[in-house]
Amino acid sequence: MKTFQLKNITIPAVALGTWSWGNGANGGDAVFGNNLTAKDLKPVFDAAMDAGLNLWDTAAVYGMGASETILGQFIRGRNDVLISTKFTPRGEQTDEAVEEFLAGSLQRLERDHADVYWIHNPKDVQRWTSKLIPLMKSGKVKYAGVSNHNLEEIKLAADILAQEGLQLSAVQNHYSLLYRSSEEAGIIEYCNANDLIFFSYMVLEQGALTGKYDTKHPFKAGTRRGDAFDEKVLAELEDLIGVMREISLHHHVEPAEIAIAWAIAKGTVPIIGVTKPSHIASAVSAMDVQLSDAEIEELERSAKSTGVEIRGAWEKSMI
């Protein structure tokens, strides 16, 4: 299995996302149109752990704790699971907010520490990054990361930690064939040069790059992804999906595996949302795909020609 080195721990080349686990605000029902319970998801967790995929990415705001609660049930009593979760700056919050968020997350996850803890957005980088320092020194946070930050903000966060003899270890941004802002802004290059792991989320663009959806098979209406990837956008993606399908046939995999393999080939660790055991098999299969330089160039050329670039309401361009 392909792996990356996150400082002193070895992590699989694919992390598993739980944004769609559980219902509630920002949960699976509102964003993805599903209604998944712990009973539905336990086989997914078991398949992943059996395959050696043990890095799980969640956040306190996913279903407002629902995602962490389900994951916590599954990891109870285990010491072979790596947990990545997040503090989300928003509105008016006290200086104790990071510590309180983490305490809530650890209670739901039934853990005494987070392996990777993220500042989820760049609102007031100076203020919130500094709040990680006592949590890192106490051991409640093993490694710190920042998400949805631009290059200047990443450098500022790294400097704040460095002044206390600590290190920023990871960056997590939206990155896919359709959205390469972090690459164009030099963020991935900066990560490679400074021993930071770049985690790419929305690599499959919430399913739009799996080849399973098109104008005849659209997303569920009234969901966040259904609104973003409407029938007009799905039509604009048809040529790209066609190229992905041709390359996937050559490698004896599905189009989704090509999108994942591309993200790995670019030196990133993709975070793949998983809701079925088949998604685990797909991630494992993608790690074995070796794309040629010509195939990467063809994929990127075709993606650019779509003119499609979807950003979440929480995102800004990294450039």
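### Brief notes about helix H15 (residues 293-306)
Compared with an ideal rise of 1.5 Å per residue, which puts 14 residues at 20 Å, H15 spans 20 Å between its outermost C-alpha atoms and is within 8% of the ideal. Positioned one or two residues after H15, Gly 307 has a phi angle of 75 degrees, which is positive.

### Some remarks on unusual backbone geometry
The general pattern is negative phi for most residues beyond glycine and trans for most peptide bonds. Unusually for a residue other than glycine, Asn 148 sits at a positive phi of about 65 degrees. Checked against the element boundaries, Asn 148 lands in the loop between strand E7 (141-147) and helix H7 (151-162). The class of Asn 148 is buried, set by a relative accessible area of 6%. A positive phi is found at His 252, a non-glycine position, where the angle reads about 60 degrees. The residue His 252 is located in the loop between helix H12 (238-251) and helix H13 (255-265) in this model.

### Regarding the nonpolar core
Grouped together as the largest cluster of nonpolar side chains are 97 residues, with contacts concentrated most on Trp 56, Tyr 117, Leu 291 and Leu 299. Setting aside residues up to four positions removed in sequence, Leu 299 forms contacts with Leu 177, Leu 240, Val 243, Met 244, Ile 247, Ile 258, Trp 262 and Leu 291. Core analysis: the next-biggest nonpolar cluster, separate from the first, contains 15 residues, Val 116, Phe 199, Tyr 201 and Ile 271 among them.

### So, the sheet that holds E7
The eight strands are arranged E3-E4-E5-E6-E7-E8-E9-E10 in a closed barrel whose pairing can be described as parallel. On average, each strand axis in the sheet is inclined to that of its neighbour by 30 degrees, with strand direction left out of account. Of the pairings in the sheet, the one linking strand E4 (residues 55-57) to strand E5 (residues 82-87) comprises three bridges and is parallel in character. Paired with Leu 55 across the strands is Leu 82, a residue of E5. Sheet strands in contact with helix H4 (residues 97-109) are E5, strand E6 (114-119) and E7, and its direction is about 145 degrees off that of E5.

### A short note on helix H14 (residues 277-287)
Side chains three or four residues apart in an α-helix point the same way, a direct result of the helix having 3.6 residues per turn. Where H14 is concerned, the buried positions are His 279, Ile 280, Ser 282, Ala 283, Ala 286 and Met 287. The arc enclosing the buried residues of H14, seen along the axis, measures out at 160 degrees, which places them on a common side. If you follow the buried residues of H14, they end up packed against strand E3 (15-17), helix H2 (38-51), H13 and strand E10 (269-273).

How each quantity is defined
Residues numbered from 1 in each chain as written. Predicted model: local features only at pLDDT ≥ 70, side-chain atom pairs only at ≥ 80, totals over all residues. Heavy atoms only, no water. Helix = DSSP H or I, 4+ residues; strand = E, 2+ residues; numbered from the N terminus. Expected span 1.5 Å × (residues − 1). Buried < 20%, exposed > 50% of the residue type's maximum accessible area, 1.4 Å probe, protein only. Core = buried A, V, L, I, M, F, W, Y, C linked by side-chain atoms within 4.5 Å. Contact = heavy atoms within 4.5 Å. Pairing = 2+ DSSP bridges. Axes fitted to C-alpha atoms, helices over the stretch in contact; angles between N-to-C directions. Arc of directions from axis to C-beta.

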